[in-house]
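Here's the letter readout for the chains.
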Amino acid sequence: MLSEERIRELRGQLQGLSPEEQQAKLQELLTPEELKEIQQQQCPFCLIKEGKIEAIKIYEDDFFIAVLDINPAAKGHVVLFPKEHISFLALMDDTLVGQMFILANRISKAVYDGLKAEGTNIFVANGQIAGQNVDHVIVHIIPRYKDDKVNFGWESLKISNEELKEIANKILLPKEEEKIVEEPKVEEEDIDIEERIP
Ligand SMILES: [Zn+2]
């Protein structure tokens, strides 16, 4: 929590500014920790984690929670999210990202089996323009049925092969090096002679 003293100090520095200027100034004045704290206090998913917003959970572990979406695209629409307030998928630790998609896949299977879904969509909205309207990483798992009203359609663009190649060049990823786990080296002098097995 921001201390009263800190709040007074911030108020003093914002005095006389327009609401827009205050907003901009506040971004400068707050430390990253303070900014994160304020964002968490306004984030519905952090509030679900803290039990301040009621939600129907279908899964919880030390790192993730999955709940039923209260404004579902289809019955059984699940929202999976990390317990930590992370605003953007790219900021998330690789291991956590991996775990999150393994879980999303498990939830998708549960939706297939439990709700007799005929298909599922698993999707993440990255950025406002893509439909991310809360500043917390979430994965949607949406059961799909014939003739449901869920719409992920788009109009396909006409594009030349040259342009496809140009685009590919801009986003080429280097091949992942295999991660070599090094065995920790044991220094000879660290071993107690008497404990050494002959
Ligand atoms: Zn949050």
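Look a little higher up for the structure.
Residues numbered from 1 in each chain as written. Predicted model: local features only at pLDDT ≥ 70, side-chain atom pairs only at ≥ 80, totals over all residues. Heavy atoms only, no water.

(A) Examining helix α5 (residues 94–115) more closely. With 22 residues, α5 extends 31 Å between its outermost C-alpha atoms, agreeing within 8% with the 32 Å of an ideal straight helix rising 1.5 Å per residue. Every buried residue of α5 is listed here: L96, V97, M100, L103, A104, I107, S108 and V111. The arc enclosing the buried residues of α5, seen along the axis, measures out at 150°, which places them on a common side. Turned more than 90 degrees away from the buried face of α5 sit D94, T95, I102 and D113, all of them exposed. Where α5 is buried, its residues touch β1 (57–60), β2 (64–68), β3 (78–82), β4 (119–123) and β5 (139–144). For α5, the capping residue at the N-terminal end is D93, with a side-chain oxygen 3.0 Å from the backbone nitrogen of T95. Positioned one or two residues after α5, K116 has a phi angle of 55°, which is positive. (Helix = DSSP H or I, 4+ residues; strand = E, 2+ residues; numbered from the N terminus. Expected span 1.5 Å × (residues − 1). Buried < 20%, exposed > 50% of the residue type's maximum accessible area, 1.4 Å probe, protein only. Arc of directions from axis to C-beta. Contact = heavy atoms within 4.5 Å. Polar contact = N/O pair within 3.5 Å; in protein donor to acceptor, adjacent residues only side chain to side chain.)

(B) Examining the coordination of the zinc ion more closely. Binding of the zinc ion to the protein goes through C43 (SG), C46 (SG), H85 (ND1) and H136 (ND1), at separations of 2.0 to 2.3 Å. What the four donor atoms of the zinc ion show is an angle range of 100 to 116° at the metal, which sorts the shape as tetrahedral. For C46, a relative accessible area of 1% gives the class buried. Residue classification places H85 among the buried positions, given a relative accessible area of 4%. (Donors = N, O, S within 2.8 Å, 3.2 Å for Na, K, Ca; no water. Tetrahedral: all angles 85-135°; square planar, octahedral: opposite > 155°, others 65-115°.)

(C) Fine view of the sheet that holds β4. Spatially, five strands are ordered β1-β2-β3-β5-β4 in an open sheet, and the strand pairing comes out antiparallel. The sheet is open, and its two edges are formed by β1 and β4, each paired on a single side. Taking the axes of each pair of neighbouring strands and ignoring which way they run, one obtains an average angle of 15° across the sheet. Note that β4 and β5 share five bridges and pair antiparallel. Looking across to β5, one finds that I122 is bridged to I141. (Pairing = 2+ DSSP bridges. Axes fitted to C-alpha atoms, helices over the stretch in contact; angles between N-to-C directions.)

(D) Just the pattern of salt bridges, in detail. Following the criterion strictly, the structure yields eight salt bridges and no others. Residues K57 and E60 are paired through a salt bridge, measuring 3.0 Å at the closest nitrogen-oxygen approach. Note on K57: relative accessible area 39%, which makes it partly exposed. Given the relative accessible area of 39%, E60 is considered partly exposed. The shortest N-O distance in the salt bridge between D147 and K146 comes to 3.8 Å. Across the pair, K146 and D147 agree in class, each one exposed. Here the salt bridges share partners, and the residues they tie into one network are R6, E9 and E34. (Salt bridge = Lys/Arg side-chain N within 4 Å of Asp/Glu carboxyl O.)

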